[in-house]
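Reading the structure
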2 protein chains.
Amino acid sequence: MKKRLSLPEYRDGILSGNRVILSKAITLVESRLDSDQDLTASLIQEILPNTGKSIRIGITGVPGVGKSTFIEAFGKMLLDSGKKVAVLAVDPSSQLTKGSILGDKTRMESLATDKRAFIRPSPSGQTLGGVSNATRESMLLCEAAGFDVILVETVGVGQSETAVKNMVDFFLLLMLSGAGDELQGIKKGIMEMADGIVIHKADGDNLDLAKKAKTNYQNALHLFAASPKNWNPQVVLASSIAKTGLNQIWEMILSYQDQMIRNGFWEKNRAAQRLNWLDDQISYLLGQTFLKNPEVKKTLDSNRPKVESGDLNPGTLAKKLIKLVF
Amino acid sequence: MKKRLSLPEYRDGILSGNRVILSKAITLVESRLDSDQDLTASLIQEILPNTGKSIRIGITGVPGVGKSTFIEAFGKMLLDSGKKVAVLAVDPSSQLTKGSILGDKTRMESLATDKRAFIRPSPSGQTLGGVSNATRESMLLCEAAGFDVILVETVGVGQSETAVKNMVDFFLLLMLSGAGDELQGIKKGIMEMADGIVIHKADGDNLDLAKKAKTNYQNALHLFAASPKNWNPQVVLASSIAKTGLNQIWEMILSYQDQMIRNGFWEKNRAAQRLNWLDDQISYLLGQTFLKNPEVKKTLDSNRPKVESGDLNPGTLAKKLIKLVF
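The paragraphs below set out a description of the structure included in this document. All residue numbers refer to position in the chain's written sequence, counted from 1. Labels are handed out in written order, letters beginning with A for the chains and numbers beginning with 1 for the ligands. pLDDT decides what is reported in this predicted model: residues at 70 or higher carry local features, side-chain atom pairs at 80 or more are listed and counted, and totals for whole chains, interfaces and linings draw on all residues regardless. Values shown for side chains rest on all heavy atoms present in the structure; no hydrogens or waters enter the calculation.

Comments concerning the relation of the copies chain B and chain A
What counts here: We superpose the copies by least squares over the C-alpha atoms of residues that have a pLDDT of at least 70 in both of them. Any two residues whose heavy atoms approach within 4.5 Å are treated as being in contact.
Rotating chain B by 179 degrees about the axis while translating it 0.1 Å along that axis superimposes it on chain A, leaving an RMSD of 0.1 Å. A rotation of that kind, with that shift, is consistent with a two-fold axis. When the interface residues of chain B are mapped onto chain A, 100% of them are again interface residues, pointing to one common binding face.

Side note on the sheet that holds strand E7 (residues 234-237) of chain B
Residues and elements named next belong to chain B. This is how it is decided: A pair of strands is treated as paired once DSSP finds two or more bridges between them. Strands here mean DSSP runs of E at least two residues long; helices mean DSSP runs of H or I at least four residues long; both are numbered from the N terminus. Think of each axis as a best-fit line through the C-alpha atoms, taken over the contacting stretch in the case of a helix, with angles from 0 to 180 degrees between the N-to-C directions.
Ordered by their spatial adjacency, seven strands build an open sheet running E3-E2-E4-E1-E5-E6-E7, and the pairing between neighbours is parallel. What marks the edges here is a single partner per strand, and that holds for strand E3 (117-119) and E7. Strand-to-strand twist in this sheet, taken as the mean axis angle between neighbours without regard to direction, amounts to 25 degrees. In this sheet, strand E4 (residues 149-154) lies alongside strand E2 (residues 85-90) in parallel orientation, the contact comprising six bridges. Looking across to E4, one finds that Ala-86 is bridged to Ile-150.

Observations regarding the sheet that holds strand E4 (residues 149-154) of chain A
Residue and element names in this part refer to chain A. Spatially, E3-E2-E4-E1-E5-E6-E7 is the arrangement adopted by the seven strands of the open sheet, whose pairing is parallel. The outermost strands of the open sheet, each flanked by one partner alone, are strand E3 (117-119) and strand E7 (234-237). Geometrically, the sheet is characterised by an average inter-axis angle of 25 degrees between neighbouring strands, direction not taken into account. Pairing between strand E5 (residues 170-176) and strand E6 (residues 196-200): five bridges, direction parallel.

Here we look at the packing of aromatic side chains
Centre-to-centre distance and the angle between the planes together describe a pair of aromatic rings. All names here are of chain A. Using the following cut-off: By convention, a stacked pair of Phe, Tyr or Trp rings (six-membered ring in the case of Trp) has centres within 6.5 Å and planes under 30 degrees apart, an edge-to-face pair has planes over 60 apart, and any other such pair is tilted. Throughout this description, the term charge over a ring refers to an Arg CZ or Lys NZ atom that lies within 6 Å of the ring centre and within 35 degrees of the ring normal.
The final tally for this structure, using the stated rule, is 13 aromatic pairs over all chains. Put simply, the rings of Phe-170, Trp-231, Tyr-256 and Trp-266 pair up and form one aromatic cluster. Of note, Lys-84 hangs over the ring of Phe-147, and the distance from its end group to the ring centre comes to 4.8 Å.

Remarks on the interface of chain B and chain A
Operational definition: Buried area: the accessible area, evaluated with a 1.4 Å probe, that two parts lose upon being put together, summed over both parts. A pair is scored as a salt bridge if a Lys or Arg side-chain nitrogen falls within 4 Å of a carboxyl oxygen belonging to Asp or Glu. For this analysis, a polar contact is any N or O atom pair within 3.5 Å, provided that within protein one partner can donate a hydrogen and the other can accept it, and provided that sequence-adjacent residues contribute only side-chain to side-chain pairs.
Taken together, the contact between chain B and chain A spans 50 residues of the former and 50 residues of the latter. Taking both partners together, chain B and chain A bury about 4,700 Å²; carbon and sulfur atoms supply 71% of that area. Looking at the side of chain B facing chain A, the largest losses of area belong to Leu-286, Lys-319 and Phe-326 of chain B, adding up to 12% of the total buried there. At the boundary of chain B with chain A, the tally comes to four salt bridges. Counting every contact that joins chain B to chain A gives 13 residue pairs in polar contact (both at pLDDT 80 or more). Contributing elements (two or more residues each) for the side of chain B that touches chain A: helix H3 (34-47), helix H9 (181-185), helix H10 (188-191), helix H13 (265-292), helix H14 (294-308) and helix H15 (314-325) of chain B.

Brief notes about the packing of H13 of chain B against H14 of chain B
All names here are of chain B. Formally: Between 65 and 115 degrees an angle is taken as roughly perpendicular, under 35 as roughly parallel, over 145 as roughly antiparallel, and anywhere else as oblique. Gly counts as polar in this scheme, as do all residues outside two lists: the nonpolar Ala, Val, Leu, Ile, Met, Phe, Trp, Tyr, Cys and Pro, and the charged Asp, Glu, Lys and Arg.
As a packed pair, H13 and H14 sit with axes 5 Å apart at the nearest point and diverge in direction by 80 degrees. Classified by the interaxial angle, the pair formed by H13 and H14 is roughly perpendicular. Residue-level inspection shows Phe-290, Leu-291 and Lys-292 of H13 in contact with H14, the latter providing Pro-294, Val-296, Lys-297 and Leu-300. Partitioned by chemical class, the residues of the contact of H13 with H14 number five nonpolar, no polar and two charged.

Regarding helix H12 (residues 246-263) of chain A
All names here are of chain A. Threshold: What a helix is expected to span follows from its residue count: subtract one and scale by 1.5 Å. For every residue, the accessible area obtained with a 1.4 Å probe (protein chains only) is divided by the maximum for its type, and the residue is called buried under 20%, exposed over 50%, and partly exposed between those limits. Each direction from the helix axis to a C-beta atom contributes to the arc, which is the arc of those directions.
The end-to-end C-alpha distance of H12 is 26 Å, a good match for the 26 Å that 18 residues give at a rise of 1.5 Å each. For H12, the full list of buried residues reads Leu-246, Ile-249, Trp-250, Met-252, Ile-253, Tyr-256, Gln-257 and Met-260. For H12, the arc enclosing every buried residue in end-on projection is 155 degrees, short of the 170-degree limit, so these residues lie on one face. Seen from the buried face of H12, the exposed residues on the opposite side, beyond 90 degrees, are Glu-251 and Arg-262. Directly after H12, the chain includes Gly-264, whose backbone phi takes a positive value near 85 degrees.

This is the structure in structure tokens:
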């Protein structure tokens, strides 16, 4: 077992903005050891009063849309305006590749070397449930350490978008112009989740196409029913190379925050997210604890092949396993 | 508690094709009473050797695409060719509306009154997990009762498609031509799951548009990577009023079955589905059993508001709850 700090050491280090201790605390949060998980729960509880003051922004888009360069340019602009920016990621695929999208820090070099920013790759070797839990807790730790903008990058395939949507205040979708409507269409289901759409790489020869794309997406957004929060998602052109549109995106997010605080959705959404997180934690920890039980493990291992071959009813085995514990 | 039959009465009734007893058995399967769930598990286990011989077909599409009229026309054609057809549904939304998509049987009048068909609405008042479990078990009961084609209708919004995809052999997506590309695009994420696409209502003035749509969808399908099962989804024009395309759809499904049996994917897919079902059953029953525990319930109820307000760490409460039992 790795050496751990004490609860007060973690807490005081984080609250004083010590980045080395913040990093160590996130490592703790990502651990699946029982003792680490107990310490994590106590730590999160202690720092809870110091959380919640940041703007949490989810960023998604298909691979190739330029999420890393966008986060670097957007994050740099925020730093220059005096914000403290943390970048986290939800990338359950890294359990396979062992390489997170943010693992290669050279891709965000100017952010990674900037003392005012904090970049943390997605935890690896975990299921989506594990990654989401760790990222939510890391987000709270970053807030307690004084970061006031949290960017959460999602890998842009599968279910990680829903996980990120459930932990952020604002969900930003990056799109490309001229990448072929069909290809973009694959991700159109995600459009319903977006609070804002960025047509990225809107520079040089791309600019005319990007303007057309903006009109198309704006029209497409009108097809969705008005959301209960009464917000019309905006479409913004941006270039991370030409550094255009970045301010406009930030203004859109601030105007969203302002409106949502006034109509009560901001806090309502966060309250709902906390309950959703509780459900996730219960089912994640419950499943994990259950499958760790030696009797359950033994019975499951010896009977799985019979279920696979169709000789044993899954419900019969499930009932049997549960009766071993309850 | 409602009156139940004995295990041999259910079993013998089902195996002899008694539809009244089949109905009663499905009611049993849908029950959430502990005693009913035990009886269900034993019943499914007993009839397991008599299951698996049907073709299981999932049918999805946005509301308004004409799923009911299609199922009626397609089902009728199958009946006339000598098949026994059962129609089930996965519609977790019925827990809110209390009215299932198939609840209004007049919408499938000619099927509903045909003795060779069996129609069962989606169980109501349950979560998606509950609905999926009940529908999978109902499917096995129908197979044991001698039905050789099972049509599973999904409501066409949210996550019910994935649930249905995970329980069927062939997944059929109904689309409309001329409904606006963007509107259709919302469901394009589903296209990746489809083994076949039907351009529905391809009749009268619609026919030209439908032909164009067919070309578009065929091109769009090429954008997806070839699936491990080595099948190219086909796009078929059909009209439930003009009764066109129905035979072609059935031939597509039979040709799929033939290919998949030969390349081994048919059984491989079913084996994977059984293991997936086991996982679902474990997590569904585990959560249900856990939350029924009086101590867990009491602690959860008294602490949920503190999580909602942000004063209590969800992970701390989850750990505390789990330690009450384990």
